[in-house]
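# Coordinates in review
The chain contents come next:
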Amino acid sequence: MNGRTSRRALGVPGPLVSLPPAVGPRPCAQRPPSPPPAGPGPPAEEGRGDGVSPGQEAGEGCRTVPLAGHVGFDSLPDQLVNKSVSQGFCFNILCVGETGLGKSTLMDTLFNTKFEGEPATHTQPGVQLRSNTYDLQESNVGLKLTIVSTVGFGDQINKEDSYKPIVEFIDAQFEAYLQEELKIRRVLHTYHDSRIHACLYFIAPTGHSLKSLDLVTMKKLDSKVNIIPIIAKSDAISKSELTKFKIKITSELVSNGVQIYQFPTDDESVAEINGTMNAHLPFAVIGSTEELKIGNKMMKARQYPWGTVQVENEAHCDFVKLREMLIRVNMEDLREQTHSRHYELYRRCKLEEMGFKDTDPDSKPFSLQETYEAKRNEFLGELQKKEEEMRQMFVQRVKEKEAELKEAEKELHEKFDRLKKLHQDEKKKLEDKKKSLDDEVNAFKQRKTAAELLQSQGSQAGGSQTLKRDKEKKN
């Protein structure tokens with residue numbers, strides 16, 4: 001066979017395809033005859049040294065190596081399946097709806113598991129998003145399930161900004177994934193993907209029409225997440241009202257331009273069932289973790305005084321349809337749509353904001369290096385421009401400050417001159433006043449001296465007269 005074999009020769013069906021020599025049994029190579037041994041004895045027969053008897057042709061009597069298994073590249077899908085199963089899967093669900101519509105109960109019913117969680121109250125000051133991650137196992141397949149619920153949605157009097165925390169949360173998950181992609185050393189195979197794959201929007205069973213809050217919120221979310229509208233607690237309205245309610249919801253969504261998730265019909269294996277289920281949107285569902293014995297079977301149901309509503313009975317609600325479409329048929333498509341449509345839209349807008357583009361103004365392709373260099377040069381140009389503006393602004397402010405200081409110095413000099421002149425005037429006045437006071441003091445001293453002199457003269461004259469009177473009395 002000259003080192004080649006065919007699929008048909010190996011027992012593999014299909015056209016004749018040449019495979020490399022490593023596949024299949026290899027022909028024996030004829031070695032040269034061994035030299036005769038030294039010493040006495042009969043000479044060895046030609047060809048005995050390599051296990052080929054005389055007269056045998058080359059390739060006869062070779063050892064046949066049996067195949068260990070099927071040979072072909074059609075086992076590649078099996079390899080991918082085994083690798084995916086070993087790595088596990090992740091799926092993230094966002095439950096949006098008013099408090100009390102049974103979001104937690106429906107999640108417990110969908111996955112047949114009692115998820116831990118605290119009941120929400122109607123006293124929340126704003127909308128908060130609560131995320132919980134669970135590790136589920138079914139057969140040998142592991143699933144990391146993340147359930148995000150909107151706590152306090154629709155409980156505020158002013159509901160104008162109720163959708164903003166939800167949009168910010170979804171964008172934050174996109175941003176985290178984008179930052180992981182932009183790292184030099186990426187570990188996406190071990191990164192926990194927290195992007196929302198499906199948004200179950202719970203609609204209150206009013207039977208009339210959608211609320212303004214529902215329309216505004218779904219319009220803000222339809223470009224960021226796969227929206228699947230469902231009518232919660234559908235057993236609260238009659239069958240005829242439910243049918244009219246579905247038609248009314250569908251018409252309002254179309255008239256307001258809200259894009260909800262449509263089950264794909266391009267795959268022939270699921271086109272029929274998905275096309276049928278698209279006509280049943282929005283799904284009218286009922287959730288219950290209570291099991292009741294109906295006939296000879298234990299089934300999830302809700303017991304009422306007037307009868308029993310079976311959760312898994314398609315005549316009672318669309319729970320089975322939702323479970324089939326969400327988990328069994330389209331879970332991978334939801335993951336793919338999240339990555340290829342919603343995340344790519346966010347990524348493109350974010351990179352365009354950062355200045356990255358695929359083409360230049362002349363519609364020529366741009367490489368990442370060229371884009372980086374152009375953005376870097378643009379940034380350096382803007383930096384130099386700002387630096388020059390700051391320098392000119394600094395010089396201008398210095399000049400203004402110098403002018404202000406000169407003006408202030410001039411004012412201080414003028415003020416100093418005024419104060420100096422005022423001080424001189426005050427000093428002159430004080431000197432004049434002091435001179436006048438000195439003159440008054442001198443005049444006062446002179447008068448005092450004259451008064452003292454007169455007083456002393458008077459006292460001397462009075463003393464002499466007293467002595468005379470005393471002498472006259474003695475005589």
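Every value quoted in this text rests on a predicted model; they were computed, and no experiment measured them.

## Re a negative patch on the surface
Taken together, the side chains of Asp-266, Asp-267, Glu-268 and Glu-336 make up a negatively charged region of the molecular surface. The residue Asp-267 is located in the loop between α5 (239-255) and α6 (271-278) in this model.

## Here we look at the sheet that holds strand β7 (residues 291-294)
Strands sit in the order β7-β8-β9 across an open sheet of 3 strands; the sheet is antiparallel. Bordering the open sheet on either side are β7 and β9 (307-310), each of which pairs with just one other strand. When strand polarity is set aside, the average angle formed by the axes of neighbouring strands in this sheet is 65°. Here strand β8 (residues 297-304) pairs with β9 via 4 bridges, running antiparallel. Bridge pairing in β9 places Gln-303 opposite Thr-308.

## As for unusual backbone geometry
Cis geometry is found at the peptide bond from Leu-281 to Pro-282, where omega equals -5°. Within the secondary structure layout, Pro-282 lies in the loop between α6 and β6 (283-284). Even without being glycine, Asn-112 reaches a positive phi, approximately 50°. Along the chain, the position of Asn-112 falls in the loop between α2 (103-111) and β2 (128-138). Residue Asn-112 is classed as exposed on the basis of its relative accessible area of 57%. Look at Lys-233: it is not a glycine, yet its phi comes out positive at around 50°. Following the sequence through the fold, Lys-233 ends up in the loop between β5 (227-231) and α5. The class for Lys-233 is partly exposed, based on a relative accessible area of 41%.

## Quick word on the environment of Val-167
Relative to the helices and strands, Val-167 resides in helix α3 (residues 164-181). What makes Val-167 buried here is its relative accessible area of 14%. Sequence spacing of Val-167 and Lys-224 is 57 residues, and the spatial spacing of their C-alpha atoms is 8.0 Å. Setting aside chain neighbours within four positions, we find Val-167 in contact with Lys-220, Leu-221 and Lys-224.

## Some remarks on a nonpolar patch on the surface
A contiguous nonpolar surface patch, about 280 Å² in accessible area, is contributed by Phe-379, Leu-380 and Leu-383. Structurally, Phe-379 is set in helix α9 (residues 368-474).

## Describing the side chain of Thr-217
Turning to its location among the elements, Thr-217 is positioned in helix α4 (residues 212-221). For Thr-217, a relative accessible area of 0% puts it in the buried group. Aside from chain neighbours lying at most four places away, what touches Thr-217 is Val-96, Phe-153, Tyr-163, Ile-166 and Tyr-201.

## Let's talk about the confidence of the model for the chain
A low pLDDT score tells you not to read the predicted coordinates there in detail. Residue-level pLDDT values for the chain average 83, and 85% of them are 70 or greater. Confidence, read as mean pLDDT per element, is least for β7 in the chain (87) and greatest for strand β4 (residues 198-203) (96). The model gives residues 1-58 a pLDDT under 50, and that stretch makes 49 contacts with residues more than four places away or in other chains.

## Quick word on α6
Of the residues making up α6, those classed as buried are Asn-274, Met-277 and Asn-278. Down the axis of α6, the buried set is contained in an arc of 105°. They therefore lie on one face. Close packing links the buried residues of α6 with β6 and α7 (319-329).

## Description of the packing of aromatic side chains
When we look at a pair of aromatic rings, we describe it by the centre distance and by the angle of the planes. On inspection of all chains with the given rule, the structure shows 10 aromatic pairs. Ring geometry for Tyr-304 against Trp-306: centres 4.9 Å apart, planes inclined by 5°, an arrangement best described as stacked. One aromatic cluster is present, built from ring pairs that chain together Phe-174, Tyr-177, Tyr-191, Tyr-343 and Tyr-346.

## Let's talk about the pairing of strand β3 (residues 141-151)
With 9 of 11 residues buried, β3 is to be regarded as a mostly interior element. Pairing of strand β1 (residues 89-96) with β3, which is carried by 7 bridges, proceeds in the parallel orientation. Each residue of the ladder has a partner; that of Leu-94, found in β3, is Val-148. Here 11 bridges tie β2 to β3, and the two strands are oriented antiparallel to one another. Across the sheet, the residue bridging to Arg-130 is Ser-149, located in β3. Between β2 and β3, which pair antiparallel in sequence order, lie 2 residues; one of them, Ser-139, sits at a positive phi of approximately 60°.

What counts as what
Residues numbered from 1 in each chain as written. Predicted model: local features only at pLDDT ≥ 70, side-chain atom pairs only at ≥ 80, totals over all residues. Heavy atoms only, no water. Patch = residues over 30% accessible without salt bridge, like charges linked within 9 Å, V, L, I, M, F, W, Y side chains within 5 Å. Areas by Shrake-Rupley, 256 points an atom, 1.4 Å probe, with all protein chains shown as cover. Salt bridge = Lys/Arg side-chain N within 4 Å of Asp/Glu carboxyl O. Lys, Arg positive; Asp, Glu negative; His and termini not counted. Charge placed at Lys NZ, Arg CZ, Asp CG, Glu CD. Helix = DSSP H or I, 4+ residues; strand = E, 2+ residues; numbered from the N terminus. Pairing = 2+ DSSP bridges. Axes fitted to C-alpha atoms, helices over the stretch in contact; angles between N-to-C directions. Buried < 20%, exposed > 50% of the residue type's maximum accessible area, 1.4 Å probe, protein only. Contact = heavy atoms within 4.5 Å. pLDDT = per-residue confidence, 0-100. Arc of directions from axis to C-beta. Phe/Tyr/Trp six-rings, centres within 6.5 Å; stacked < 30°, edge-to-face > 60°.

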